[in-house]
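Listed below, chain by chain, are the residues.
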Amino acid sequence: MSVLRVPGFVRRLAGAERPPPADDDEDWAGHVRSELAGDLPDEDIGEDLDDCLDLYEMGSKPRCEEAEYLGLVRDARDRLLWGREG
């Protein structure tokens, strides 16, 4: 029997997981990066998520994996930006 793995951004949208309140930007950034590492355990994600997106070579993964990877990294990058502004 296979186990369905639900990415973190889906759990957040469904309200199943709420991030802890962050006192400063570094705590929030660490929390977001930790979630991303949990969602993509086989990937080597750097500190700068914009670099991950800019340096990614399209077609280097199967289409479904590529879409999931790019979506998760973009979501994490957006959450980091919103956390700093909000």
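Cut-offs used in this document
Residues numbered from 1 in each chain as written. Predicted model: local features only at pLDDT ≥ 70, side-chain atom pairs only at ≥ 80, totals over all residues. Heavy atoms only, no water. Helix = DSSP H or I, 4+ residues; strand = E, 2+ residues; numbered from the N terminus. Buried < 20%, exposed > 50% of the residue type's maximum accessible area, 1.4 Å probe, protein only. Contact = heavy atoms within 4.5 Å. Areas by Shrake-Rupley, 256 points an atom, 1.4 Å probe, with all protein chains shown as cover. Core = buried A, V, L, I, M, F, W, Y, C linked by side-chain atoms within 4.5 Å. Polar contact = N/O pair within 3.5 Å; in protein donor to acceptor, adjacent residues only side chain to side chain. Salt bridge = Lys/Arg side-chain N within 4 Å of Asp/Glu carboxyl O.

Trainee: Looking at this structure, how should I read the overall build of the protein?
Mentor: Looking only at helices and strands, the protein has four helices and zero strands in total. Listing each helix as α and each strand as β along the protein from the N terminus yields α-α-α-α. Residues classed as buried in the protein amount to 28% of the 86 residues present. In the protein, of all internal contacts separated by at least 6 residues, the share reaching a separation of at least 24 is 60%. A total accessible area of about 6200 Å² is found for the protein, and carbon and sulfur atoms account for 51% of it.

Trainee: I keep staring at the nonpolar core and nothing clicks. Help me out?
Mentor: One recurring pattern in soluble globular proteins is that nonpolar side chains are buried together. The biggest cluster of nonpolar side chains holds 15 residues, and the ones touching the most others in it are Leu 36, Leu 40, Leu 49, Tyr 69, Val 73 and Leu 80. Among the elements of the structure, helix 2 (25-39), helix 3 (49-55) and helix 4 (63-85) are those that each provide at least two residues to this core. At six residues, helix 4 tops the list of elements feeding residues into this core.

Trainee: How should the side chain of Lys 61 be read in this particular structure?
Mentor: Mapping Lys 61 onto the fold places it in the loop between helix 3 and helix 4. Within the local environment of Lys 61, its side chain forms a polar contact with the side chain of Glu 43, the two groups lying 2.7 Å apart. Excluding residues within four positions of it along the chain, Lys 61 makes contact with Glu 43, Tyr 56, Glu 66 and Tyr 69.

Trainee: I would appreciate a short explanation of the pattern of salt bridges in the present structure.
Mentor: Pairing is possible between side chains of opposite charge, provided their charged atoms come close. Taken as a whole, this structure holds five salt bridges when the rule is applied. Here Glu 43 ties to Lys 61 by a salt bridge, and the two come within 2.7 Å at their closest N and O atoms. Taken together, the positions of Glu 43 in the loop between helix 2 and helix 3 and Lys 61 in the loop between helix 3 and helix 4 put the pair 18 residues apart, joining distant regions of the chain. A residue is classified by how much of its surface remains accessible, and Glu 43, at 30% relative accessible area, is partly exposed. Between Asp 50 and Arg 77 there is a salt bridge whose closest N-O contact spans 3.5 Å. Of this pair, Asp 50 sits in helix 3 while Arg 77 sits in helix 4, and the two are 27 residues apart along the sequence. A relative accessible area of 36% means that Asp 50 is categorised as partly exposed. Shared partners join several salt bridges into a network, and the residues in it are Asp 50, Arg 77 and Asp 78.

Trainee: How should the environment of Leu 49 be read in this particular structure?
Mentor: Of note, Leu 49 is situated in helix 3. Among the residues examined, Leu 49 registers a relative accessible area of 3% and is labelled buried. Along the sequence, Leu 49 and Arg 33 sit 16 residues apart, while their C-alpha atoms lie 9.2 Å from each other. Apart from the residues within four sequence positions on either side, Leu 49 is in contact with Leu 36, Val 73, Ala 76, Arg 77 and Leu 80.

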